[in-house]
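# Results of the structural survey
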Amino acid sequence: MRVPVIPSQSKGALQSLLSLGEVRPPSASLGTTAFDLLHEDCVRGMAKLPAASIDLVVTSPPYNLGIRYSEFSDRADRTGYLRWCKTWAAEIARLLKPDGSFFLNVGAAPANPMFPHELVLELRDLFVLQNTIHWIKSISIEEQDGEIVSRGHFKPINSHRFLNDCHEYIFYFTKTGRVELNRLALGVPYQDKTNIARWSHTGGHDRRCRGNTWFIPYETIQSRDKERPHPATFPVELAENGIRLHGVEKVTTMLDPFLGIGNSAIAAQRCGVPRFIGFEIDETYLAEAKRRIG
Ligand SMILES: C[S@@+](CC[C@H](N)C(=O)[O-])C[C@H]1O[C@@H](n2cnc3c(N)ncnc32)[C@H](O)[C@@H]1O
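In this report, we go over the structure that sits alongside the text. Since we're looking at a predicted model, the values are computed, not measured.

A few words now on the nonpolar core. Of all hydrophobic cores here, the largest spans 48 residues; its most connected members are Val57, Phe102, Ile243 and Ala268. With residues up to four places along the chain from it excluded, the contact list for Ile243 reads Leu56, Val248, Val251, Ala267, Ala268, Cys271 and Val273.

Next up, the structure:
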């Protein structure tokens with residue numbers, strides 16, 4: 001997602017963009033993120049960080065669905081796996097500030113549809129589930145004229161029982177369930193412009209909350225080994241959405257305990273987040289994350 005460039009606009013126009021969360025305040029400098037990308041088990045690494053020191057966590061753990069990582073074994077027994085999830089999630093709960101945000105991306109497998117829900121139940125003593133967001137990877141929409149338009153990356157499965165899986169979950173956890181979000185930072189224009197004047201909460205702006213579906217296709221790549229050398233990534237834009245929804249100007253320190261090849265780190269860099277901490281146990285993935293942030 002691009003950071004908007006503001007040409008010689010009036011101060012009023014800039015102020016109104018700022019109030020919509022579209023840009024970082026002029027005092028913030030983009031591209032100056034201080035990174036701590038560490039080759040360490042995240043539970044051990046997080047234990048060394050001070051309590052209530054993190055504003056925002058955006059992460060995606062291994063799903064235990066048999067993904068072939070180069071180091072990590074993604075086939076633990078379900079009970080042991082959920083217990084492990086609670087261990088790292090408890091560290092996140094300790095580190096998160098009272099008004100912090102925690103975006104947890106998980107997917108399911110057709111034969112294992114309960115996994116995301118079991119995980120949420122496992123974490124219910126630690127966090128309040130404030131929003132459930134659906135990351136839509138591909139979609140087909142019928143236009144008014146009857147034309148069917150398909151967008152995104154479609155990964156077919158060969159089955160007579162299961163539908164192709166085109167989405168994953170992003171669970172938005174907070175400590176209290178009362179954290180205020182910058183909903184309009186991801187806002188979209190009204191389809192029916194008469195709503196702008198009709199509803200006073202618009203303040204005259206052509207912008208409404210996008211809702212809880214994020215259509216984020218994977219970028220088209222030519223070579224997986226060279227351009228996306230990891231079996232289970234999320235797009236940079238997914239993490240960027242988390243930063244913008246929490247409020248770019250409210251994020252001083254962001255954490256991703258399962259860094260992979262660093263898509264959350266790139267998002268932090270693009271948004272000008274001052275400090276980013278990431279843990280990854282696989283040296284190859286970590287090296288790629290470091291290479292990508294330059
Ligand atoms: C789903 S992937 C995350 C991918 C990342 N979101 C990206 O876009 O590149 C999970 C990652 O967690 C790493 N991992 C597994 N166990 C870990 C642990 N205990 N501490 C830190 N990293 C771990 C795996 O090596 C894998 O790269």
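That was the structure; now back to the text.
Right, let's get into the packing of helix H7 (residues 236-246) against helix H8 (residues 263-271). Closest axis-to-axis distance for the H7/H8 pair is 8 Å, and the angle between their directions is 50°. The angle between the axes of H7 and H8 places the two elements in the oblique class. By crossing handedness, the relation of H7 to H8 is classed as right-handed. When H7 is examined against H8, the residues Val236, Ala239, Glu240 and Ile243 are found in contact with a partner set consisting of Asn263, Ser264, Ile266, Ala267, Ala268, Arg270 and Cys271. Along the lines of polarity and charge, the residues of the contact of H7 with H8 split into 7 nonpolar, 2 polar and 2 charged.

Time to look at the site of the ligand. Inspection of the region around the ligand gives 22 residues, with Cys42, Thr233, Phe258, Gly260 and Asn263 positioned closest. Grouping the amino acids of the shell around the ligand by side-chain chemistry returns 13 nonpolar, 5 polar and 4 charged.

By the secondary structure assignment, Ser60 is in the loop between strand S2 (54-59) and helix H3 (78-95). Residue classification places Ser60 among the buried positions, given that 25 C-beta atoms sit within 10 Å. Considered as a pair, Ser60 and Asp256 are 196 residues apart in the sequence and their alpha carbons are 8.2 Å apart. If near-sequence neighbours (up to four positions away) are discounted, Ser60 is found in contact with Asn105, Val106, Phe234 and Phe258.

Calculation criteria
Residues numbered from 1 in each chain as written. Predicted model: local features only at pLDDT ≥ 70, side-chain atom pairs only at ≥ 80, totals over all residues. Core = buried A, V, L, I, M, F, W, Y, C linked by C-beta atoms within 7 Å. Buried ≥ 20, exposed ≤ 12 C-beta atoms within 10 Å, placed from the backbone. Contact = placed C-beta atoms within 7 Å. Axes fitted to C-alpha atoms, helices over the stretch in contact; angles between N-to-C directions. Helix = DSSP H or I, 4+ residues; strand = E, 2+ residues; numbered from the N terminus. Parallel < 35°, antiparallel > 145°, perpendicular 65-115°, else oblique. Left-handed = near helix turned anticlockwise from the far one by under 90°. Nonpolar A, V, L, I, M, F, W, Y, C, P; charged D, E, K, R; others polar. Near = placed C-beta within 6 Å.

The values reported here are purely geometric and, on their own, carry no functional implication.
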